[in-house]
Amino acid sequence: MNCTGDAVEGTAKCVLVKLHRIFVEYTLDDTEYIRNVRAVLEAADMFVQDNKEIVCDPKMLKESLYTYSKTLWSDYMKEIRTREAVPKEGKAVPEDDEYDDYYYDHIYAHGVYPR
C-alpha cells in the first residue's frame, strides 16, 4: 500500500479499536458490535472504490480490516473464557476458535445469528 492507503487503513483500524472498546466497556451484544464493524468496513470499501487511485488493492484492504476486527473480538472472547473458567484438576481452558470463527463470520454475513 502507499501512504494514502496506509492512512485509510490506519484510520479504519482506529475506528475499529474505538468500537471494540465501547463493546467491551458497555458489554454490548455481539450482533450489534459485528454489524457496526461491517458498517465501518463497508464505508471504508465505498471510499476506496470511489477513489481507486488511493489504494492498489481495495480487496486486500477490506480483508485486512476484516481480519483485524475479527481478531480483536476473538481475543476478547478468549480472555472472557479464561477469566470465567474454573480450571478443573489442572486442565486448560478449552478454546472454541472454530466456533468463534463460524459465529463471527455468520453474523457478519447475515446480520443475525439463529437462535
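Structure's up top.
Report follows, based on the coordinates. Nothing here was measured: the structure is a model prediction, and the numbers come from that model.

1. A word on the overall build of the chain
- The helix and strand inventory of the chain stands at 4 helices and 0 strands.
- Overall, the chain shows an N-to-C arrangement of helices and strands of α-α-α-α.
- Taken over 115 residues, the chain has a buried fraction of 33%.
- The long-range fraction of contacts in the chain, counting pairs at least 24 apart against all pairs at least 6 apart in sequence, stands at 63%.

2. Comments concerning the nonpolar core
- One finds Tyr33, Val37, Leu41, Leu65 and Trp73 to be the most contacted residues of the largest nonpolar core, which totals 25 residues.
- Among the secondary structure elements, those contributing two or more residues to this core are helix H1 (3-25), helix H2 (30-50), helix H3 (58-84) and helix H4 (97-110).
- If we skip the residues at most four places from it in the chain, leucine 65 touches Glu9, Ala12, Lys13, Leu16, Leu41 and Ala44.

3. A closer look at the packing of aromatic side chains
- Counted according to the given criterion, the structure contains 10 aromatic pairs.
- Ring centres of phenylalanine 23 and tyrosine 33 lie 4.5 Å apart, and the angle between their planes is 25 degrees; this geometry places the pair in the stacked category. Of this pair, phenylalanine 23 sits in helix H1 while tyrosine 33 sits in helix H2, and the two are 10 residues apart along the sequence. The same class applies to phenylalanine 23 as to tyrosine 33, namely buried.
- Measuring from ring centre to ring centre gives 5.7 Å for phenylalanine 23 and tyrosine 76, while their planes differ by 75 degrees; the resulting arrangement is edge-to-face. Of the two residues, phenylalanine 23 sits in helix H1 while tyrosine 76 sits in helix H3, which places them 53 residues apart along the sequence. Each member of the pair, phenylalanine 23 together with tyrosine 76, is buried.
- Over the ring of tyrosine 68 we find lysine 13; its NZ or CZ atom is 4.9 Å from the centre of that ring.
- The cationic tip of arginine 38 hangs over the ring face of tyrosine 108; the distance from NZ or CZ to the ring centre is 5.6 Å.

4. Quick word on the pattern of salt bridges
- Counting across every chain of the model gives 7 salt bridges.
- When the shortest N-O distance is used, the salt bridge between lysine 70 and aspartate 101 registers 3.7 Å. Separated by 31 residues along the polypeptide, lysine 70 in helix H3 and aspartate 101 in helix H4 bring together distant segments of the chain.
- Residue classification places lysine 70 among the buried residues on the basis of a relative accessible area of 14%.
- Here aspartate 105 and lysine 70 are joined by a salt bridge, their closest N and O atoms 2.8 Å apart. With aspartate 105 in helix H4 and lysine 70 in helix H3, this residue pair connects regions lying 35 residues apart in the sequence.
- Judged by its relative accessible area of 30%, aspartate 105 falls in the partly exposed class.
- One salt-bridge network, in which partners are shared between bridges, spans Lys70, Asp101 and Asp105.

Criteria and cut-off values
Residues numbered from 1 in each chain as written. Predicted model: local features only at pLDDT ≥ 70, side-chain atom pairs only at ≥ 80, totals over all residues. Heavy atoms only, no water. Helix = DSSP H or I, 4+ residues; strand = E, 2+ residues; numbered from the N terminus. Buried < 20%, exposed > 50% of the residue type's maximum accessible area, 1.4 Å probe, protein only. Contact = heavy atoms within 4.5 Å. Core = buried A, V, L, I, M, F, W, Y, C linked by side-chain atoms within 4.5 Å. Phe/Tyr/Trp six-rings, centres within 6.5 Å; stacked < 30°, edge-to-face > 60°. Lys NZ or Arg CZ within 6 Å of the ring centre and 35° of its normal. Salt bridge = Lys/Arg side-chain N within 4 Å of Asp/Glu carboxyl O.

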